[in-house]
Amino acid sequence: GCNSVLDYIDDVQGSEVEKNRVMAQALAFRGYFYFHLVNLYGQPYSFDKNALGVPLKLNSKLSTGGMNRNTVGEVYTQILKDLLEAERLYKTLPEDEQNLHNNRINLPCIQLILSRVYLYMENWEQAMIYGEKVSKDYNYEILDLNSLPLPDRYNDPAYMNYYTWDNSEVIFLFGNQGDVLNLPLTTVQYTEYDESGRPTYYTYNVSVVSDSLVKVYETTDLRKKHYLIWERVGREETPRYYVPISKFEVGYDYGISWGWSAGVWGGAFKVTEAYLNAAEAAACLYKETGKGEYLTKAHGLLDQLRVKRFVTGAFENNSITDPDKLISFVRDERRRELCFENHRWFDLRRYGMNELKHIWYDQTGNSIEYILEKNDPGFTLQIPNEAFEHNPGMVQNEPRK
């Protein structure tokens, strides 16, 4: 679709401004789509940019011949080319059209994506520059969680919707709630029978919040209550945490109405990511150069975000000076802030594809441990079979051993 727009833009009527606006959107989305694809089906850029990525199809012409996979590095080069040209075109528009909330991508969103791309490439300088640009040059504000009532399962809604234009952090909304919630709201039902043959019916969710995420929050961090659906069970003092859906509106007694309907968004680009992209980049530059200006910058970006996340009076400014500990802290902060927002898997890949263990409990309570070893081929998805049906030039990724 993006290619068709770009191929035929010169054949349609309209002013230069109108054509620039359309071309900028098509280029921005093509760049983002390729960024998403190459991080699903290609190795992380920082691991091996010469590994096979995905085929670059840059026109709408049909062909019967196969297309070979471009390298990860070649795909990233095209991503940057598209995004930087989209940024340039948006800057040719009248200033009051560069940052509209009209369900069309805008200039700060393009710059936020550039910050993310540069972060994945470990181009720390540009990741920091673009992250700071988004956080400073526009009027987006970090939501103070102290201003929100604490979630209550007996309220309606119990948990607020963060994916709405009413949220001062939102730069651009995308996707559909039905697509995002299809997996975490999937349930499995099973039946147990007592000695007399009477059945007891049980239902449990396929996806639940991990214990490691729960433990990464401090007691006075308001995100633990606002971002994680929880309740006390019986007389237990420790809350139990449930499905990862709390950034959508959740109704009375944890009920949620969801589906594929217009205006119910599945995700968002938010200014909070810009702070974290810039903070991580600054921390990495501090490690590389030892310059105090980068340490100060990383601390400042973290503090501006975190002060709005802690109970009033409980927040403390960041004072970490060890470079490795600072980078680790920023990445934990990224996990705390951006949970359930389509970042964690890609972050784990670019952090070095370290070993992951996951315990799955079957319906009888027996545990099964699954392991992704360091640099496991399973960190990169297998290409779907249908891709080979349409493109004989494709080569499959290495399977898990």
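So, a few notes on the structure that sits alongside this text.

Calculation rules
Residues numbered from 1 in each chain as written. Predicted model: local features only at pLDDT ≥ 70, side-chain atom pairs only at ≥ 80, totals over all residues. Heavy atoms only, no water. Helix = DSSP H or I, 4+ residues; strand = E, 2+ residues; numbered from the N terminus. Buried < 20%, exposed > 50% of the residue type's maximum accessible area, 1.4 Å probe, protein only. Contact = heavy atoms within 4.5 Å. Areas by Shrake-Rupley, 256 points an atom, 1.4 Å probe, with all protein chains shown as cover. Lys, Arg positive; Asp, Glu negative; His and termini not counted. Charge placed at Lys NZ, Arg CZ, Asp CG, Glu CD. Axes fitted to C-alpha atoms, helices over the stretch in contact; angles between N-to-C directions. Left-handed = near helix turned anticlockwise from the far one by under 90°. Phe/Tyr/Trp six-rings, centres within 6.5 Å; stacked < 30°, edge-to-face > 60°. Parallel < 35°, antiparallel > 145°, perpendicular 65-115°, else oblique. Expected span 1.5 Å × (residues − 1). Core = buried A, V, L, I, M, F, W, Y, C linked by side-chain atoms within 4.5 Å.

A short note on the overall build of the chain
Right, on to step 1. Looking only at helices and strands, the chain features 13 helices and 8 strands.
Right, on to step 2. Seen through its C-alpha atoms, the chain measures out along the principal axes to roughly 75 × 55 × 45 Å.
Right, on to step 3. Residues classed as buried in the chain amount to 47% of the 401 residues present.
Right, on to step 4. Long-range contacts, defined as pairs at least 24 residues apart, comprise 65% of the intrachain contacts of the chain with a sequence gap of at least 6.
Right, on to step 5. Surface summary for the chain: the accessible area is close to 21,000 Å², and the carbon and sulfur share equals 49%.
Right, on to step 6. Between the averaged position of the 43 positive side-chain charges in the chain and that of its 56 negative side-chain charges there is a distance of 3 Å.

Description of the packing of helix 5 (residues 124-137) against helix 9 (residues 271-289)
Right, on to step 1. Taken N-terminus to C-terminus, the directions of helix 5 and helix 9 make an angle of 145°; their axes are 8 Å apart at the nearest point. Relative to helix 9, helix 5 is oriented so that their crossing is left-handed. Residues Trp124, Glu125, Ala127, Met128, Gly131, Glu132, Val134 and Ser135 of helix 5 form the contact with helix 9, whose own contacting residues are Val271, Ala274, Tyr275, Ala278, Ala281, Ala282, Cys284, Leu285 and Glu288.

Re the packing of aromatic side chains
Right, on to step 1. Within the structure shown, the criterion is met by 18 aromatic pairs.
Right, on to step 2. Judged by centre distance (6.3 Å) and plane angle (25°), the rings of Phe172 and Phe269 are stacked. Placement of the pair is Phe172 in strand 1 (residues 170-174) and Phe269 in strand 6 (residues 267-270), with a sequence separation of 97 residues. Just as Phe172 is buried, Phe269 falls in that class too.

Details of the packing of helix 9 against helix 10 (residues 292-306)
Right, on to step 1. Across the interface, helix 9 lies against helix 10 with an axial gap of 8 Å and an inter-helix angle of 155°. Classed by the angle they form, the pair helix 9 and helix 10 counts as roughly antiparallel. Handedness of the helix 9/helix 10 crossing: left-handed. In contact with Thr272, Tyr275, Leu276, Ala278, Ala279, Ala282, Ala283, Leu285, Tyr286 and Thr289 of helix 9, helix 10 contributes Tyr294, Leu295, Lys297, Ala298, Leu301, Leu302, Gln304 and Leu305.

Some remarks on the side chain of Asp347
Right, on to step 1. Among the secondary structure elements, Asp347 is positioned in helix 12 (residues 344-350).
Right, on to step 2. Residue classification places Asp347 among the buried positions, given a relative accessible area of 3%.
Right, on to step 3. Those residues in contact with Asp347 that sit more than four places away from it in its chain are Tyr120 and Arg334.

What about helix 10?
Right, on to step 1. Over its 15 residues, helix 10 runs 21 Å from end to end, which matches the ideal 21 Å to within 8%, given 1.5 Å per residue.
Right, on to step 2. For helix 10, every residue scored as buried is listed here: Tyr294, Leu295, Ala298, His299, Leu301, Leu302, Asp303, Leu305 and Arg306.
Right, on to step 3. Elements in contact with the buried residues of helix 10: helix 5, helix 8 (223-226), helix 9 and helix 11 (323-338).

Some thoughts on the nonpolar core
Right, on to step 1. Formed by 75 residues in total, the largest nonpolar core has its most connected members in Tyr76, Ile79, Ile105, Ile113, Val117 and Leu326.
Right, on to step 2. Sequence-distant contacts of Leu326, defined by excluding residues within four places in its chain, comprise Ala283, Tyr286, Leu295, Ala298, His299, Leu302, Asn318 and Ile320.
Right, on to step 3. One finds Leu148, Leu185, Leu222 and Tyr241 within the second-largest nonpolar core, a separate group that totals 30 residues.

Section: the environment of Ser319
Right, on to step 1. Along the chain, Ser319 falls in the loop between helix 10 and helix 11.
Right, on to step 2. Residues Ser319 and His299, 20 residues apart in the sequence, show an inter-C-alpha distance of 7.3 Å.

Describing unusual backbone geometry
Most peptide bonds are trans, and most residues other than glycine sit at a negative phi.
Right, on to step 1. The omega angle of the peptide bond from Asp156 to Pro157 is 5°, so this bond is cis rather than trans.
Right, on to step 2. Looking at the element boundaries, Pro157 is found in the loop between helix 5 and strand 1.
Right, on to step 3. Of note, Asn103 is a non-glycine position whose phi angle comes to about 65°, a positive value.

Fair warning: the whole summary comes from geometry, so function is off the table for now.
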